[in-house]
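Notes for the structure review
Below, each chain spelled out in residue letters.
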Amino acid sequence: MDALLRMDSVTKSFPGVLANDRISFEVAEGEIHALLGENGAGKTTLMRILYGMTSPDSGTIYWRGKPVRIPSSHVAIGLGIGMIHQHFMLIPEFTVAENVALGLRGDRSPLLDLRGTAQRLEALSAQFGLRVDPWARVKDLSTGEQQRAEIVKALYRGAHLLVLDEPTAVLTPGEADELFAVLDSLRAQGRAVVFISHKLREVMQISDRVTVLRRGRAVATVPTCETSQEQLANMMVGRPVVLQIERSPARPGKEVIRLDEVAIRSREHHRNEVEDISLTVREGEIVALTGVAGNGQRPLIEALFGLRRVSAGHISILGRDVTACRPCDLVALNVGRIPEDRQTMGLAMSLSVYENLALETYDREPTCRWGVLRRGELRRQAQLLREEYDIRMPSIDLPVGKLSGGNQQKVILARALRRRPRAIIAVDPTRGLDVGATEFVYRQLLAARDQGAAVLLISTDLEEVLCLSDRIGVIYNGQIMGVLPATEADETRLGLMMAGMPLANMPDVLPPTHTFSNCSPQP
Amino acid sequence: MPLLAILAALAVGGGVMAISGINPWEGYVAMARGAFGGPSRIGVTVTKATPLILAGLGVALPFRCGLLNIGGEGQIYIGALTATLVALGLPGLPLALHLPLVILAGFVGGAVWGGIPGFLRARFKLNELITTIMLGYIAFWIVSYLVHGVMKDPQGGGYPWSVRIPDSAILPIILRGYRINLGFILALVCAALAHLVLWHTAFGFEMRAVGAGPLAARLAGINPERTTVLTFALGGGLAGLAGMAEVMGVQYRLSDFFSPGYGWDAIVVALAGQSSPVGVVLVGLFFGALRNGAEGASRSIAMPTSISLIIQALTLLFVVGSNSVVLRRAWERRVRRRVGDSG
């Protein structure tokens, strides 16, 4: 069988970096081929070459057996290649049908034939099980729906090969499952998919073959059924990765973080977004709050961070009532906070690394006296943090926006943990990080716990939750369904709670499942 | 980069001169002579630069905090008004006491006028673009109303201007041969202070942090609302000083036409100066020289003075262009290709 697409020793260098070093890669019809690699391994560059967004220095691309040149995205689309970017290329004010028709000439050109577009869209939707309303405005759609609109848009343009760049990074677990169902039906109908990811679990779940990239080189291409998460992880980072993080049993002490019947009223709709949330975290333990995204985590996080008022209940941290606190009070109380969104909540992207590291502490002695900053001292402290937290960068004077995601997260981590906080609130602390950086974050949080900090981990990543926490609470529709010790948590129980069944209502005997606490890989 | 932009603007400006029938070389020589040919010419250049530098700082500092202060013109008028009121209202004081009060009044007036949009933005999330422009018109018409009415000089021959300010409120000439007054020194001191505030104080750090990432700054314990109001007040105060310096150092009377749009030019100065106090001083001096030079050239070789405005606009255009990511990338590609060819 001849491959649909074959890329033959493609090489691309940027000043100082060999982004792609003689990479060969092929995709067959009816295949989901995963492209796996850490951030900066060259996945995105390779796909940008395929989509005509950059030109390779050397190498050949064969499409249906014939060599082709792809100087622009236009040519790529013409061949039948569709690309779903991480950041959607949709106009929010337009409907799905309008977005799809954008840039195309219909049969009734120059008149717009939106109705015809919508009809064909619906046919495509039915064919591939892609639920999307052609007449809905994009801005009213959820992220998962917007992604489906992007996929439908690519299919409408005749895409035979779909490239999805980290498609699940923006999705909730539920939405990810829906996406996988769509990919399944694409495969069943003979289309090809390139699935770019660094999440081992998903790659194992969805792909037929995996090509692993490391530092610009293709390390190996293997059939998925003949490999394992460990093997892939090793290939990715080039050394055995301890996905199984060893941890000592928790030695919980006094109560540190306490939520008492917290309710938060929605500003637009007159209902509670969060209701009756009670939770405690003691020193020396990690308590996770998990659940499908959009079940009240955001308002709760905003309240915990002092960005939003609660409408009922109390929050106390380290014995202080912080219900009506502002962020500066939490800084004064030394609460370590790792927000979910690095680029807007975590960092001031255009400020230098050392200034970002000092964002919470700049106005104290010895870095500041009488309102005057001592830059030498700021930079000296930053150098120490850079070594302690292994932040890799050419210089601490660089804008933090120029760092990779993993190193940006290390900057946030260093800032949150530098004063050895007794209370830590971490929200999705490893979102978008590769295996190496994820492991680093896990180790730091566990070390903080072992030194007696109370850690509240609010995360949608089940693997992470099972790997790190001592107790696990599940939030659904703004309410806590129950809190389990991690040793009693299994996927079935958590799954039922995430779908809205309170722990109290659960039958004692559940069908047997694999307990996989401590991150043992899926069988 | 800004230097290249200025050279490019001068080159294209030369082309404009050629089109209008002036030899560019002669044109620029005449302009240079007009701007720098002799102590008095240099003095005028520097004096013209003074309000541009002060008002330019008034735009540059808020810009660092993510705020666009395009109402400098209004803050200039109010600063000039409050300074004039103190100058005329407290006659008989010794210069050592009167002048500092007048300067302070100019700053406070501008700071209040700048603080209002800052407060409206911080408290009600009102867009400062609109509020600063509107407050600019209000300020102008307040001054216009006063100098046509109660403040009008009865012996002014019908002109809408105030009584001449007393000598104790005049910014003294410090370099007699050059006719450079204290206002220019004040502008340089303000630029130096602005530089220190921006890079060496906690407040300046807060300003830049709020500008670079308002939410991240808030989460780190900085109060963005407080920073917004204070920054805007500071910017307005600097623009107010520009108005004070023009009335107390050059015109000696308040009128409703004393500013030929310094507040607007300040935006160009701040942007072309990359919002850095040093850049603002350099660009302010350049624009001062440009105007003075154009006036000189119009007298000596009858060159239209609008050439200077064209070059000023071109400078901004080229600075904005040099900041364009697309153009910069294209340029780097070209350079790389050329390097690749030779190697």
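None of these values were measured; they are calculated from a predicted model. (Residues numbered from 1 in each chain as written. Chains lettered and ligands numbered in written order. Predicted model: local features only at pLDDT ≥ 70, side-chain atom pairs only at ≥ 80, totals over all residues.)

The next thing to look at is the overall build of chain B. Of the regular secondary structure elements, chain B holds 14 helices and 2 strands. In terms of overall size, chain B behaves like a compact globule, its C-alpha atoms giving a radius of gyration of 21 Å where 343 residues would be expected to give roughly 20 Å. Referenced to the eigenvectors of the C-alpha coordinate spread, the extents of chain B come out at roughly 75 × 60 × 30 Å. Within chain B, buried positions represent 52% of all 343 residues. Sequence-distant contacts, at least 24 apart, represent 77% of the contacts inside chain B between residues at least 6 apart. (Helix = DSSP H or I, 4+ residues; strand = E, 2+ residues; numbered from the N terminus. Rg over C-alpha atoms; globule rule 2.2 N^0.38 Å. Buried ≥ 20, exposed ≤ 12 C-beta atoms within 10 Å, placed from the backbone. Contact = placed C-beta atoms within 7 Å.)

Our next topic: the overall build of chain A. Per the secondary structure count, chain A includes 17 helices and 22 strands. Against the compact-globule benchmark of 24 Å for 523 residues, chain A has a radius of gyration of 25 Å, which places it among compact chains. Reported as C-alpha extents along the three principal axes, the dimensions of chain A are approximately 70 × 55 × 50 Å.

Let's shift gears to the interface of chain A and chain B. Quite often, the size of an interface is put as the accessible area lost when its parts meet. Across the boundary between the two partners, chain A contributes 23 residues, which contact 17 residues of chain B. Of all the elements in the fold, those that place two or more residues in the side of chain A that touches chain B are helix 10 (327–332), helix 11 (342–346) and strand 18 (372–373) of chain A. Per-class residue counts for the side of chain A that touches chain B are 15 nonpolar, 4 polar and 4 charged. (Nonpolar A, V, L, I, M, F, W, Y, C, P; charged D, E, K, R; others polar.)

So, on to the sheet that holds strand 3 (residues 32–36) of chain A. Residues and elements named next belong to chain A. In space, the 6 strands of this open sheet follow the order 6-7-8-3-9-10, with mixed pairing throughout. Among the strands making up the open sheet, the edge pair consists of strand 6 (81–84) and strand 10 (217–223). Direction aside, neighbouring strands of the sheet carry axes that sit 20 degrees apart on average. Sheet topology note: the strand 6/strand 7 (residues 161–165) ladder contains 4 bridges and is parallel. Across the sheet, Met83 pairs through a bridge with Val163, a residue of strand 7. The strands touched by helix 1 (residues 43–50) within the sheet are strand 3, strand 6, strand 7, strand 8 (192–197) and strand 9 (209–214), with strand 7 carrying the most contacts at an inclination of about 145 degrees. Running over the sheet, helix 5 (residues 143–156) touches strand 6 and strand 7 and is turned about 165 degrees from strand 6. (Pairing = 2+ DSSP bridges. Axes fitted to C-alpha atoms, helices over the stretch in contact; angles between N-to-C directions.)

Right, let's talk about the packing of helix 3 (residues 39–64) of chain B against helix 7 (residues 182–200) of chain B for a bit. Residues and elements named next belong to chain B. Where helix 3 meets helix 7, the closest approach of the two axes is 8 Å, and the angle between their N-to-C directions is 20 degrees. Relative to helix 7, the element helix 3 is oriented roughly parallel. At the point where helix 3 passes helix 7, the crossing takes the left-handed sense. In contact with Val46, Thr47, Thr50, Ile53, Leu54, Leu57, Leu61 and Arg64 of helix 3, helix 7 contributes Gly183, Phe184, Ala187, Cys190, Ala191, Ala194 and Leu198. Class assignment of the residues belonging to the contact of helix 3 with helix 7 gives a composition of 11 nonpolar, 3 polar and 1 charged. (Parallel < 35°, antiparallel > 145°, perpendicular 65-115°, else oblique. Left-handed = near helix turned anticlockwise from the far one by under 90°.)

Residue and element names in this part refer to chain A. What the 4 strands build is an open sheet, ordered 12-11-14-15; its pairing is antiparallel. Because the sheet does not close on itself, it has two edges, and the strands there are strand 12 (272–282) and strand 15 (320–321). As judged from the 2 bridges shared by strand 14 (residues 312–317) and strand 15, these two strands associate in the antiparallel manner. Counted as the bridge partner of Ser316 is Asp321 from strand 15.

Turning next to the nonpolar core. One finds Val455(A), Leu457(A), Leu54(B), Leu57(B), Val102(B) and Met248(B) to be the most contacted residues of the largest nonpolar core, which totals 191 residues. Val96(A), Ala97(A), Leu141(A) and Ala154(A) belong to the second largest nonpolar core, which has 63 residues in total. (Core = buried A, V, L, I, M, F, W, Y, C linked by C-beta atoms within 7 Å.)

With that out of the way, let us pick up the pairing of strand 16 (residues 335–338) of chain A. All names here are of chain A. Burial of strand 16 is two-sided: the residues Val335 and Arg337 facing one way and the residues Gly336 and Ile338 facing the other way are all buried. The pairing of strand 16 with strand 19 (residues 423–427) spans 4 bridges and is classified as parallel. Counterpart to Ile338 in the pairing with strand 19 is Ala426.

When the pLDDT values of chain B are averaged, the result is 89; 94% of them are 70 or greater. What the predictor reports for the complex is a pTM of 0.74 with an ipTM of 0.82. (pLDDT = per-residue confidence, 0-100.)

Next up on the list: the environment of Arg69(A). On the secondary structure map, Arg69(A) appears in the loop between strand 5 (66–68) and helix 2 (73–79). For the pair formed by Arg69(A) and Gly52(A), sequence separation is 17 residues and the distance between their alpha carbons is 8.6 Å.

Given a rise of 1.5 Å per residue, 15 residues ought to cover 21 Å, and the 21 Å separating the end C-alpha atoms of helix 4 (residues 114–128) of chain A matches this to within 8%. Note on helix 4 of chain A: the residue one or two positions beyond its end, Gly129(A), has a positive phi of about 65 degrees. (Expected span 1.5 Å × (residues − 1).)

Turning our attention to the packing of helix 4 of chain A against helix 5 of chain A. Residues and elements named next belong to chain A. Running from N to C, helix 4 and helix 5 point in directions that differ by 110 degrees, and their axes come no closer than 10 Å. Our classification of the angle between helix 4 and helix 5 gives roughly perpendicular. Taken together, the residues of helix 5 that come into contact with helix 4 (itself represented by Arg120, Leu121, Leu124, Ser125 and Phe128) are Val152, Leu155 and Tyr156.

Bringing helix 7 of chain B into the picture now. Under the 1.5 Å per step criterion, the end-to-end length of helix 7 of chain B is 26 Å for 19 residues, consistent within 8% with the ideal 27 Å. Considering only its buried residues, helix 7 of chain B is in contact with helix 3, strand 2 (180–181), helix 8 (202–212), helix 10 (224–251) and helix 12 (277–301) of chain B.

So, on to unusual backbone geometry. Residue and element names in this part refer to chain A. For Arg64, which is not glycine, the phi dihedral falls at a positive 50 degrees. Mapped onto the secondary structure, Arg64 falls in the loop between strand 4 (58–63) and strand 5. Overall, Arg64 belongs to the partly exposed group, with 14 C-beta atoms counted inside 10 Å.

Residue and element names in this part refer to chain A. As for its placement among the helices and strands, Tyr442 is situated in helix 15 (residues 435–450). Taking C-alpha positions, Tyr442 is 25 Å from Ala332, a pair spaced 110 residues apart along the chain. Apart from the residues within four sequence positions on either side, Tyr442 is in contact with Ile245, Cys467 and Leu468.

This part covers the environment of Ile301(B). Residue and element names in this part refer to chain B. Relative to the helices and strands, Ile301 resides in helix 12. A C-alpha to C-alpha distance of 48 Å links Ile301 and Leu230, two positions 71 residues apart in sequence. The contact partners of Ile301, leaving out residues within four places of it in the chain, are Ile22, Glu26 and Ala30.

Residue and element names in this part refer to chain A. Residues at a pLDDT of 70 or more form 92% of chain A, whose mean pLDDT is 85. Considering each helix and strand of chain A separately, the mean pLDDT is smallest for helix 8 (residues 229–237), with a value of 74, and largest for strand 20 (residues 454–458), with 95. Scored below 50 in pLDDT, residues 512–523 shows 25 contacts in the model against residues more than four places distant or in partner chains.

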